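# Structural overview for review
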Amino acid sequence: MIIKVFKDKLSLANAAAEQAARHIRDAISTNGSARIIAATGASQFEFLDALTSARDVDWKRVEMFHLDEYIGLPSSHPASFRGYLLKRLINKVGITRYHLLDGESDPASVAREVGAKLATGPIDVAFVGIGENGHLAFNDPPADFDTEEPYLIVELDEACRRQQLGEGWFKSLSAVPQRAISMSVRQILKAHEIICIVPDARKARAVAACFEGGISANAPASILRSHPGTTIYLDNDSASLLTSARPPVES
């Protein structure tokens, strides 16, 4: 695992997008197509803006999966990750092969059907973030590090739900769904490359817990340290509580 620190979230986003675009181009050049996993949330705004502006990416050859979706939330809701990806990635660049998690259908069937499509081939690169509680996708602590199921039905803890409220996606805590479909930890780790984008001071405690503490289900994103192809992108704010693990700021 490599940790990179940048002066601000825009510098972080541009560097992460450059690496992401390179992995996509390389996969298309080698295999004729690229399979990716896309993250959502406020932390990914600048990264997706930069990625969708990258040159020479043949998005028609990209097949996209996403990490998680709330159960029971319509795609028209501002917090819907389906709506988010359609607006910020899929429709913006013209991806034609994508597999969205329909939170309004039977969640077990959705998890099974999209999981079966995911299992048809390797993932070239996964884009992920880290929650304020250290979650990876919607795998809140204590996360299941053992299951081989590609997608799980999960209960969202209060810290996770308060983060969604704090980011402005919902008007009240009671409006935040309590369940979601989430890609499992082991499925995320099957990606050849993982690019983890984590800006903002509100993520600093989680960053320190995940990258300076032990690898633990109580700090779910700490498992990324076991993956040899992971690059963590931080800004000065999210890296502010790192000590021994903090690298110098990238120019």
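Look a little higher up for the structure.
Presented here is an overview of the structure given in this document. Computed from a predicted structure; not experimentally measured.

## Quick notes on the sheet that holds strand S9 (residues 193–198)
Overall, parallel pairing links the 7 strands, which are arranged S1-S10-S9-S6-S2-S3-S5 in an open sheet. On the outer flanks of this sheet lie strand S1 (2–6) and strand S5 (97–99), each paired with one strand and no other. Within the sheet, the average angular offset between the axes of one strand and its neighbour, ignoring direction, is 15°. Pairing analysis gives 2 bridges linking strand S2 (residues 34–38) to strand S6 (residues 125–128), with the strands arranged parallel. When the bridges of S6 are listed, Ile37 appears paired with Ala126.

## Topic: empty space enclosed by the protein
Over the atoms rolls a probe the size of a water molecule, and its path tells where empty space is left. Applying the stated criterion to the full structure yields 1 cavity of 30 Å³ or more. Each pocket or cavity is described by its volume, and for the largest cavity that value is around 220 Å³. Tallied by class, residues from the lining of the largest cavity come to 7 nonpolar, 9 polar and 3 charged.

## What to know about the packing of aromatic side chains
All chains considered together, the criterion is met by 9 aromatic pairs. Ring centres of Phe47 and Phe127 lie 5.1 Å apart, and the angle between their planes is 70°; on these two criteria the pair is classed as edge-to-face. Of the two residues, Phe47 is situated in helix H2 (residues 45–51) and Phe127 in strand S6; the sequence distance between them amounts to 80 residues. The two residues Phe47 and Phe127 agree in class, both being buried. Arranged with centres 5.8 Å apart and planes meeting at 40°, the rings of Phe81 and Phe138 form a pair that is tilted.

## Overview of the pairing of S6
Where burial is concerned, the two faces of S6 agree: the one with Val125 and Phe127 and the one with Ala126 and Val128 are both buried. Pairing between S6 and S9: 4 bridges, direction parallel. Across the sheet, Ala126 pairs through a bridge with Ile194, a residue of S9.

## With respect to unusual backbone geometry
Pro142 follows Pro141 through a cis peptide bond whose omega is -5°. Position of Pro142 relative to the elements: it lies in the loop between S6 and strand S7 (151–155). One non-glycine residue, Asp56, lies in positive phi territory at about 60°. Tracing the chain through its elements places Asp56 in the loop between H2 and strand S3 (62–66). Classification of Asp56 as exposed rests on a relative accessible area of 71%. The backbone of Asp200 shows a phi angle near 90°, a positive value even though the residue is not glycine. With respect to the helices and strands, Asp200 occurs in the loop between S9 and helix H7 (204–212).

## Considerations on the pattern of salt bridges
Opposite charge on two side chains allows them to pair when their charged atoms are near. Evaluation of the coordinates by the stated rule reveals 14 salt bridges. The shortest N-O distance in the salt bridge between Arg61 and Asp58 comes to 3.3 Å. The salt bridge partner of Arg97 is Glu63, with a shortest N-O separation of 4.0 Å. Of this pair, Arg97 sits in strand S5 while Glu63 sits in strand S3, placing them 34 residues apart in sequence. The partly exposed category is assigned to Arg97, whose relative accessible area is 34%. Using a relative accessible area of 12% as the deciding quantity, one classes Glu63 as buried.

Parameters and conventions
Residues numbered from 1 in each chain as written. Predicted model: local features only at pLDDT ≥ 70, side-chain atom pairs only at ≥ 80, totals over all residues. Heavy atoms only, no water. Pairing = 2+ DSSP bridges. Helix = DSSP H or I, 4+ residues; strand = E, 2+ residues; numbered from the N terminus. Axes fitted to C-alpha atoms, helices over the stretch in contact; angles between N-to-C directions. 1 Å grid on protein atoms, 1.4 Å probe; cavity = no way out; pocket = protein on both sides within 12 Å on 5 of 7 lines; lining within 4 Å. Points joined across faces, edges and corners; volume = space filled by probe spheres on them. Nonpolar A, V, L, I, M, F, W, Y, C, P; charged D, E, K, R; others polar. Phe/Tyr/Trp six-rings, centres within 6.5 Å; stacked < 30°, edge-to-face > 60°. Buried < 20%, exposed > 50% of the residue type's maximum accessible area, 1.4 Å probe, protein only. Salt bridge = Lys/Arg side-chain N within 4 Å of Asp/Glu carboxyl O.

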